[in-house]
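Here is what each chain is made of, one letter per residue.
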Amino acid sequence: MQPLENQEPATSSFGAIPRESVDLAHKHLHDILNMAIGHAPPRAAVVVADTRCDLAVALTEAYRRCLPTARFIDFDAVAPDEVLTAFAGLEPGDLVVLVQSTNFRLEAFRLRVELFKRSLKVIEHPHLSRMPGAQADYYIASLAYDPAYYRGVGYALKARIDRAQGGVVDSGGERLVFAAPFEPAKLNIGDYSEMNNVGGQFPIGEVFTESQDLEAVNGRVRIFVFGDTTFRVNRPEQPITLVVAKGRVVEAIGSTPDFDQVLEKIRADEGEVWLRELGFGMNRAFSRERMVDDIGTYERMCGIHLSLGAKHGVYSKPNIRRTTARYHIDVFAVTEAVYLDDELVYRDGAWQV
């Protein structure tokens, strides 16, 4: 056996993340850039990153391999004006990548919104510091881009959602019934051919909608994870059963103090707890067993997620004023089966379309 001191170390300059994981990230990001974003020379690229966590350092190295001619900027080593100047030098169709341990702030400059206004392509990786240890490997796995799966299943789900007159989420003995048609489904599957903007927050993998008539949603649903007041995944010891009447959560059976706090905040500011989004998560890297702490990342988990609170920026409802809607809290259903009309579309942890 080779002496230990002569062996290549299991870790490298990426902290706790092994080189093999960086190699895998390189492969996945290469696929994203080519098949989803459609970026290639001579188009310019700027990568703005920090070095505050191992995952950010690892992803930055993977992008260096993918984008050897790009300009790389250490967000913490330069003044904000230098970052803005780099963006100003880009042409429509060029690429900006944001690798963020938290979430970059540039005064009043809303990064992704402003970059999209300039017709730039954008890839965002926020809140990476919330996913340490094994979660970093889950995150890297979630970046795998399989266009046949995402586009095939995604468009098939949208077609069935858009023609359905209702649906049911079976969460293991409890049924949440949607007794009205759904809003036109929106896609987050890495196909931007019909969209105004190219890119967004990664990882991807979701089709989402909501009931056209929010009050047509009734029944019970068991949730095993919710987003807490720090925007992190909170997993109670036992699933909580939400009782929904006319689109509002009226009871939480088996609740916890943390979940009670979420409900209390919503009721204090909005008066009642609406159930709005019906999300069909598609990312097979995440499951009930493979979780990450960042709620915005875990939202892509393969299964059903819902939102609590009146806020939803995509769909407007006549009885909800956007100016007073403050909360959009993701909760994740124990998903045993999903039906659109009488057709089974989810079983055994996978979409059946």
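Residues numbered from 1 in each chain as written. Predicted model: local features only at pLDDT ≥ 70, side-chain atom pairs only at ≥ 80, totals over all residues. Heavy atoms only, no water.

**Student:** Mind laying out the layout of surface pockets, listing which residues take part and the relevant values?
**Tutor:** Taken as a whole, the largest pocket spans an internal volume of roughly 1800 Å³. Around the largest pocket sit 46 residues that line it, and Arg112, Glu124, Gln201, Glu299 and Arg300 are the ones nearest its centre. For the lining of the largest pocket, the elements supplying multiple residues, two or more each, are helix H4 (111-117), strand E7 (186-188), strand E8 (199-201), strand E9 (206-209), helix H8 (295-298) and strand E16 (329-333). If one sorts the elements of the lining of the largest pocket by residue count, H4 sits on top with 4 residues. Looking at the lining of the largest pocket residue by residue, the class counts come to 17 nonpolar, 14 polar and 15 charged. (1 Å grid on protein atoms, 1.4 Å probe; cavity = no way out; pocket = protein on both sides within 12 Å on 5 of 7 lines; lining within 4 Å. Points joined across faces, edges and corners; volume = space filled by probe spheres on them. Helix = DSSP H or I, 4+ residues; strand = E, 2+ residues; numbered from the N terminus. Nonpolar A, V, L, I, M, F, W, Y, C, P; charged D, E, K, R; others polar.)

**Student:** Which residues make up the pattern of salt bridges, and what are the values?
**Tutor:** Should their charged atoms come close, side chains of opposite charge can pair. Scanning the entire structure with this criterion turns up 20 salt bridges. Notably, a salt bridge pairs Asp31 with Lys27, separated by 3.3 Å at the nearest N-O pair. A residue pair is termed a helical-turn pair when its members lie 3 or 4 positions apart in one helix, as Asp31 and Lys27 do in helix H1 (residues 19-37) at 4 residues. Where Arg284 meets Asp146, a salt bridge forms, and the shortest distance between an N and an O atom there is 3.5 Å. (Salt bridge = Lys/Arg side-chain N within 4 Å of Asp/Glu carboxyl O.)

**Student:** Summarise helix H7 (residues 257-270); cite the residues concerned and give the values.
**Tutor:** Compared with the 20 Å implied by 1.5 Å per residue over 14 residues, the 20 Å span of H7 between its first and last C-alpha is a close match. Buried residues of H7: Phe259, Val262, Leu263, Ile266 and Glu270, and no others. Considered in projection along H7, the buried side chains sweep an arc of 90° and stay on one side of the axis. Exposed residues lying more than 90 degrees from the buried face of H7 are Pro257, Glu264 and Ala268. (Expected span 1.5 Å × (residues − 1). Buried < 20%, exposed > 50% of the residue type's maximum accessible area, 1.4 Å probe, protein only. Arc of directions from axis to C-beta.)

**Student:** Let's hear about the pairing of E16: which residues, and what values?
**Tutor:** Counting buried positions along E16 gives 5 out of 5 residues, so the element sits mostly inside the fold. The two faces of E16 match: Ile329, Val331 and Ala333 on one face and Asp330 and Phe332 on the other face are all buried. Both strand E10 (residues 217-227) and E16 contribute to a ladder of 3 bridges, which runs antiparallel. Note on E16: the bridge partner recorded for Ile223 is Ala333. (Pairing = 2+ DSSP bridges.)

**Student:** Any chance you could break down the sheet that holds E8 for me, citing the residues and the numbers?
**Tutor:** One open sheet holds the 5 strands; their spatial order is E2-E1-E3-E4-E8, and the pairing between them is parallel. Strand pairing shows two members of the sheet lacking a second neighbour, strand E2 (71-74) and E8, which therefore form its edges. Here the strands of the sheet are splayed against their neighbours by 15° on average, with no regard to which way each runs. By the bridge criterion, 3 bridges tie strand E4 (residues 121-125) to E8 in an arrangement that is parallel. Bridge assignment links Ile123 to a residue of E8, and that residue is Gly200. Contacts from H1 reach strand E3 (95-99), E4 and E8 within the one sheet, and its direction differs from that of E4 by about 145°. (Axes fitted to C-alpha atoms, helices over the stretch in contact; angles between N-to-C directions. Contact = heavy atoms within 4.5 Å.)

**Student:** Talk me through the nonpolar core; I want residue IDs and the actual numbers.
**Tutor:** With 92 residues, the main nonpolar core has Leu55, Phe280, Tyr298, Leu308 and Trp351 as its most contacted residues. Apart from residues lying up to four places away in sequence, Leu308 is in contact with Leu242, Val249, Phe259, Leu263, Ile266, Val273, Trp274, Leu275, Tyr327, His328, Ile329 and Val331. (Core = buried A, V, L, I, M, F, W, Y, C linked by side-chain atoms within 4.5 Å.)

**Student:** I'd like a rundown of the environment of Ser193, residues and numbers included.
**Tutor:** By secondary structure assignment, the location of Ser193 is in the loop between E7 and E8. When the C-alpha atoms of Ser193 and Ala36 are compared, they prove to be 9.5 Å apart, with 157 residues separating the residues in sequence. A distance of 2.8 Å separates the side chain of Ser193 from the side chain of Asp191, its partner in a polar contact. (Polar contact = N/O pair within 3.5 Å; in protein donor to acceptor, adjacent residues only side chain to side chain.)

**Student:** Go over the confidence of the model for the chain, please, and point to the residues and values.
**Tutor:** Should the pLDDT be low somewhere, the predicted coordinates at that spot are not to be read in detail. Overall, the prediction assigns the chain a mean pLDDT of 94, with 95% of residues at 70 or greater. Below a pLDDT of 50 lies the segment residues 1-11, which in the model reaches 6 contacts outside its immediate sequence neighbourhood of four places, other chains included. (pLDDT = per-residue confidence, 0-100.)

**Student:** Could you give an account of the side chain of Ser101, with specific residues and numbers?
**Tutor:** With respect to the helices, strands and loops of the structure, Ser101 is situated in the loop between E3 and H4. What makes Ser101 buried here is its relative accessible area of 1%. Residue contacts for Ser101: discarding those within four places in its chain leaves Asp50, Arg52, Cys53, Ala56, His127, Leu128 and Ser129.

**Student:** Describe the pairing of E9, and please don't skip the residues or the numbers.
**Tutor:** Here E9 shows a buried face lined by Glu206 and Phe208 and a second buried face lined by Val207 and Thr209. Relative to E9, E7 runs antiparallel, the two being bridged by 3 bridges. Counterpart to Leu187 in the pairing with E9 is Val207.

**Student:** Give me the lowdown on the packing of H1 against helix H5 (residues 134-142), citing residues and values where you can.
**Tutor:** With their axes 9 Å apart at the nearest point, H1 and H5 run at an angle of 25° to one another. Judged by the angle between their axes, H1 and H5 are roughly parallel. Pair H1 / H5 crosses with left-handed handedness. Across the interface between the two elements, Ser21, Leu24, Ala25 and His28 from H1 touch Asp137, Ile140 and Ala141 from H5. Grouping the amino acids of the contact of H1 with H5 by side-chain chemistry returns 4 nonpolar, 2 polar and 1 charged. (Parallel < 35°, antiparallel > 145°, perpendicular 65-115°, else oblique. Left-handed = near helix turned anticlockwise from the far one by under 90°.)

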